Amino acid sequence: MITPVLLCGGSGTRLWPLSRKSYPKQFSPLTGEESLFQASARRLNGEGYDDPVVVTADPFRFIVVQQLAATGITPDAVLIEPEGRDTAPAILSAALHVARTAPDGLMLVAPSDHVIPDTDAFAQSVAAAVPAAQAGQLVTFGIAPDRPETGYGYLELDAALTDDIAPTPLRSFVEKPDAAQAAKLIATGRHLWNAGIFLFRADTIIAAFQEKTPDLLTAVKAAVDEARADLGFLRLAPEPWAKAEAISIDYAVMEKAKNLSVVPYRGKWSDLGDWAAVWRETAQDGMSLSGPATAIDCTNTLLRSEVAEQTVVGIGLDNIVAIAMPDAVLISHKDRAQDVKQAVQVLKTKQ
Ligand code: GDD
Ligand code: MG
């Protein structure tokens, strides 16, 4: 059986103003009826899966429980981080929790901000990954790239990709290269994007942390050992947690590990990281309109109103995203969608 580990502690600032500190993007229905978090939980539910372990932040704990209840899924545990320390401590705390009852238990770590509509193709890739993970590999899932994206990790294969989805050893892992390096990696034809989804045994990933970042292991282990049960949540202990380095799993372990494998995933996949990605995912004939929104002579544009009584109208726009919320409106060039993060920083300093 596989324990799904759902990460949903990120604040998703690049999707401001829809994504807020108190209600980030993974809990909003961005592209369909359900939230991305609910869709992620459903994807990893049913045959072959145990109940999920959710790792989240304090303000989201009731949203997590409510949204899971609406899908009929009962979590095995909801771990609450005293503060966000990025994905490495979050994943390690889940591994230590799983290892208490099943040291060699398989964990499928999944972000909760992805769109993966091809559930069959995804299930096939997971099934193909299981033997390698059982044998002690850290298995990554690779997506064929179609642009030199700088927001992703890159997985280097030994040879060009074939149709096979059997796990193959990875030559290297490069997290978030700059634009020039990303273009070079793509040109080799031997690189896949890291989907940000991982399959491994709990003891394999704990051993990797022990080897690469022993101090982080010491801090997180103490936070898990001293965790406090509270109304069905498990609160990680704040003092040791504060000593855990804030670092992503990609930098902490994946870039340095030798026992890495990759399984290609050939279905549709999107990390809804910014408004340009939401546009790519939802646009028809180049236009994405949501809520009361009207476009006249617009191209490659996303107009979205989250307010029933407030219409957004675009005239003669090209490559624009406009998002209207009750208390904030974003208007940005689509190519600058990544910079929304900066805008959020600026607003923070003004408060
Ligand atoms: N619990 C918890 N705590 N979850 C977190 C935290 C945290 O401190 N920080 C981030 N997360 C969650 C986010 O909510 C998201 O679901 C997931 O972990 C991944 O974090 P991101 O911040 O979205 O990572 P990324 O998109 O920049 O990069 C990762 O994903 C890419 C693919 O989407 C990397 O793994 C890249 O290599 C990969 O290509
Ligand atoms: Mg992401």
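Residues numbered from 1 in each chain as written. Chains lettered and ligands numbered in written order. Predicted model: local features only at pLDDT ≥ 70, side-chain atom pairs only at ≥ 80, totals over all residues. Heavy atoms only, no water.

Enquirer: Could you give me a rundown of the site of ligand 1, with the residues and numbers involved?
Expert: Lining the immediate environment of ligand 1, one finds 26 residues, of which Glu 175, Lys 176, Asn 194, Asp 250 and Asp 271 sit closest. In the environment of ligand 1, an oxygen atom lies 2.8 Å from a nitrogen or oxygen atom belonging to the backbone of Gly 153. Between Lys 176 and ligand 1, the recorded distance is 2.7 Å, taken from a side-chain N or O atom to an oxygen atom. Among the elements that line the shell around ligand 1, the one with the most residues is strand β10 (residues 191–201), at three residues. When grouped by side-chain class, the residues that make up the shell around ligand 1 number eight nonpolar, 10 polar and eight charged. (Near = heavy atom within 4 Å. Polar contact = N/O pair within 3.5 Å; in protein donor to acceptor, adjacent residues only side chain to side chain. Helix = DSSP H or I, 4+ residues; strand = E, 2+ residues; numbered from the N terminus. Nonpolar A, V, L, I, M, F, W, Y, C, P; charged D, E, K, R; others polar.)

Enquirer: Explain the layout of surface pockets residue by residue, including any values.
Expert: A probe matching the size of a water molecule, rolled over the atoms, marks out where space remains unfilled. Approximately 290 Å³ is the volume found for the second largest pocket. As for the second largest pocket, its lining consists of 20 residues, of which Ile 143, Asp 146, Arg 147, Trp 193 and Trp 269 are closest to the centre. Put simply, the parts of the chain that give the lining of the second largest pocket at least two residues each are β6 (138–143), β10, β14 (270–271) and α10 (275–282). With three residues, the top contributor of residues to the lining of the second largest pocket is α10. Considered class by class, the residues forming the lining of the second largest pocket number 10 nonpolar, three polar and seven charged. (1 Å grid on protein atoms, 1.4 Å probe; cavity = no way out; pocket = protein on both sides within 12 Å on 5 of 7 lines; lining within 4 Å. Points joined across faces, edges and corners; volume = space filled by probe spheres on them.)

Enquirer: Describe in detail the pattern of salt bridges, supporting the description with residues and values.
Expert: Pairs can form between side chains of opposite charge once their charged atoms are near each other. Here the structure, examined in full by the defined rule, presents 19 salt bridges. Of the charged contacts, one joins Asp 113 and Lys 25 as a salt bridge, the two residues approaching to 3.3 Å between their closest N and O atoms. Here the residue Asp 113 occupies a position in the loop between β4 (106–111) and β5 (114–115), and Lys 25 occupies one in the loop between β1 (2–7) and α1 (36–43), the gap between them amounting to 88 residues. Here the two residues Asp 113 and Lys 25 agree in accessibility, since each one is buried. When the shortest N-O distance is used, the salt bridge between Glu 211 and Lys 212 registers 3.0 Å. Accessibility expressed as a relative area gives 60% for Glu 211, which makes it exposed. A relative accessible area of 23% means that Lys 212 is categorised as partly exposed. One connected set of salt bridges, linked through shared partners, spans Asp 58, Arg 61, Asp 230 and Arg 235. (Salt bridge = Lys/Arg side-chain N within 4 Å of Asp/Glu carboxyl O. Buried < 20%, exposed > 50% of the residue type's maximum accessible area, 1.4 Å probe, protein only.)

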